[in-house]
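What the coordinates show
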Amino acid sequence: MRADATRNLERVLSTGARMLADDPSATIAAIAAAAGVDRRTVYRRFASREDLMAAVYGARYDAVEKAIEAARLREAPVEVALHRYVEGIIAANRKWPVETSRMLREETLRERRRGLIDEVDAFLRRATDEGLLRSDLPPGWVAALLPPLMVHAAEALPELSAAQAADVVVDTLLRGVGRPSGSGQGITAPSGADLGGRAARASRGTGTGRG
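The rules we used
- Residues numbered from 1 in each chain as written.
- Predicted model: local features only at pLDDT ≥ 70, side-chain atom pairs only at ≥ 80, totals over all residues.
- Heavy atoms only, no water.
- Salt bridge = Lys/Arg side-chain N within 4 Å of Asp/Glu carboxyl O.
- Helix = DSSP H or I, 4+ residues; strand = E, 2+ residues; numbered from the N terminus.
- Buried < 20%, exposed > 50% of the residue type's maximum accessible area, 1.4 Å probe, protein only.
- Polar contact = N/O pair within 3.5 Å; in protein donor to acceptor, adjacent residues only side chain to side chain.
- Axes fitted to C-alpha atoms, helices over the stretch in contact; angles between N-to-C directions.
- Left-handed = near helix turned anticlockwise from the far one by under 90°.
- Contact = heavy atoms within 4.5 Å.

Before going further, it helps to spend a moment on the pattern of salt bridges. As enumerated under the stated definition, the model contains nine salt bridges in all. Ionic pairing is found between Asp118 and Arg114, a salt bridge with its closest N-O pair at 2.9 Å. A residue pair is termed a helical-turn pair when its members lie 3 or 4 positions apart in one helix, as Asp118 and Arg114 do in helix H6 (residues 107–129) at four residues. Owing to a relative accessible area of 42%, Arg114 belongs among the partly exposed residues under this scheme. Three or more residues are tied together by salt bridges with common partners; here these are Asp62, Glu65 and Arg112.

The structure is reproduced here in structure tokens:
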């Protein structure tokens, strides 16, 4: 595929993701117009709106798979891997904000989603076995809490980078939102700079980088 065609395709897919997140009934013509691409070009690439939607959701899963691979969930120290994973998923959520459950009737996407869930579940078991996560919680509890935290961070903290937003999610997941016991003072929310600095210090302390 030519470079300009590749750029046009990515623009159509990323624009489609944003528009479908706001309006699941968005048409090919509307997406093409918003992307600045001739709709005839889009129709030549996608025979139907369903084909375009499947490509958008497929691109989202591509981004999620890359985030999981980059996190090295099986090899990296668990706290580093958790932060890398959360950061990568927040970035994917921001670029591809579509709700993938709309396409779960499509078998290929459903199988990809199942494989990704299994990979993350295995990591969460590893994190529990190594003591990062509590072992006395109901089965699946952390796996149910983490995705909405990441979605909310992606949408509600636009002023923070993906790494800084990941600091908030990981801190909330591991330490909760209550005041530390024995503290007589309220907690001062960290600034974006403080959050980013904490992430950088954590990465330096383990000798590995994120991303």
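Time to look at the side chain of Asp167. Positionally, Asp167 belongs in helix H8 (residues 162–175). A distance of 2.9 Å separates polar atoms of two side chains, one belonging to Asp167 and the other to His83.

At their nearest, the axes of helix H5 (residues 78–95) and H6 sit 10 Å apart, and the two run at 145° to each other. In this structure, H5 crosses over H6, and the sense of that crossing is left-handed. In contact with Val78, Ala81, Leu82 and Tyr85 of H5, H6 contributes Val120, Phe123, Arg126 and Ala127.

In this structure, Leu109 sits in helix H6. On the basis of relative accessibility, which here comes to 5%, the residue Leu109 falls in the buried class. Considering only alpha carbons, one finds Leu109 and Tyr57, 52 residues apart in sequence, at a separation of 7.9 Å.

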